[in-house]
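# A closer look at the structure
Listed here are the chains, written in short residue letters.
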Amino acid sequence: MKTRLGCLSNKSDSYSDFSEFLPPAHETTARCLKVSTDEVVRWSESFDHLLSHKYGLAAFRTFLKSEFSDENIEFWMACEEYKKIKSSTKLASKANKIFQEFIDIQAPREVNIDYRTREKTKQSLEDPSPTSLNEVQCKVYGLMEKDSYPRFLRSKMYQDMVNRANAHGQRRSV
């Protein structure tokens with residue numbers, strides 16, 4: 001328990017400080033080996049590219065969890081799933097769940113949005129449609145792109161992935 005509390009009080013740029021919260025190293029390594037060096041490097045070219053790649057998204061989520069700030073990516077992913085719902089009953093149910101979990105004041109995983117956006121979203125969800133969460137999702141996406149994404153690219157975790165992908169690629173070509 002002391003160790004976990006110590007991690008909370010001493011925020012670090014090194015993901016190894018949070019290793020007890022992350023998947024075992026062999027799983028992470030196995031995942032990285034499935035990704036080419038070019039792909040890992042491409043994640044640095046565009047936030048869209050990172051999120052659209054299965055392993056890029058997984059790496060970004062792991063990074064955010066290590067920083068105890070994964071609510072934004074979890075919200076973004078919930079919105080992506082929400083857009084795919086066809087049934088109006090399921091749409092209303094999912095909208096309510098997303099609002100209560102991420103948007104409402106004092107929500108358990110509240111995302112950082114302004115009052116106007118929160119209220120506009122609340123009104124929009126009174127008669128939910130697949131586009132009801134678009135504005136708030138775009139705001140959260142923008143926050144991640146400007147804040148979390150650059151931190152991810154500078155992180156030891158991402159740098160280690162690039163180095164491992166490079167090392168693995170060199171072994172293959174030899």
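Structural data are supplied above this passage.
## Thoughts on the pattern of salt bridges
A full pass over the atoms with the stated rule returns 13 salt bridges. Arg151 is the partner of Asp147 in a salt bridge, and the nearest nitrogen-oxygen pair spans 2.8 Å. A residue pair is termed a helical-turn pair when its members lie 3 or 4 positions apart in one helix, as Asp147 and Arg151 do in helix 9 (residues 134-154) at 4 residues. Classification of Asp147 as partly exposed rests on a relative accessible area of 42%. Connected via shared salt-bridge partners are Glu67, Asp147 and Arg151.

## Digging into the packing of aromatic side chains
Here the structure, examined in full by the defined rule, presents 7 aromatic pairs. Arranged with centres 5.0 Å apart and planes meeting at 55°, the rings of Phe47 and Tyr141 form a pair that is tilted. Placement of the pair is Phe47 in helix 4 (residues 47-52) and Tyr141 in helix 9, with a sequence separation of 94 residues. The pair formed by Phe47 and Tyr141 is uniform in burial state, with each residue classed as buried. Between Phe63 and Phe152 the ring centres are 5.6 Å apart and the planes differ by 65°, which places this aromatic pair in the edge-to-face class. Of this pair, Phe63 sits in helix 5 (residues 54-66) while Phe152 is found in helix 9, placing the two residues 89 residues apart along the sequence. For Phe152, a relative accessible area of 0% translates into the label buried. Put simply, the rings of Phe47, Phe60, Phe63, Tyr141, Tyr149, Phe152 and Tyr158 pair up and form one aromatic cluster.

Cut-offs used in this document
- Residues numbered from 1 in each chain as written.
- Predicted model: local features only at pLDDT ≥ 70, side-chain atom pairs only at ≥ 80, totals over all residues.
- Heavy atoms only, no water.
- Salt bridge = Lys/Arg side-chain N within 4 Å of Asp/Glu carboxyl O.
- Helix = DSSP H or I, 4+ residues; strand = E, 2+ residues; numbered from the N terminus.
- Buried < 20%, exposed > 50% of the residue type's maximum accessible area, 1.4 Å probe, protein only.
- Phe/Tyr/Trp six-rings, centres within 6.5 Å; stacked < 30°, edge-to-face > 60°.

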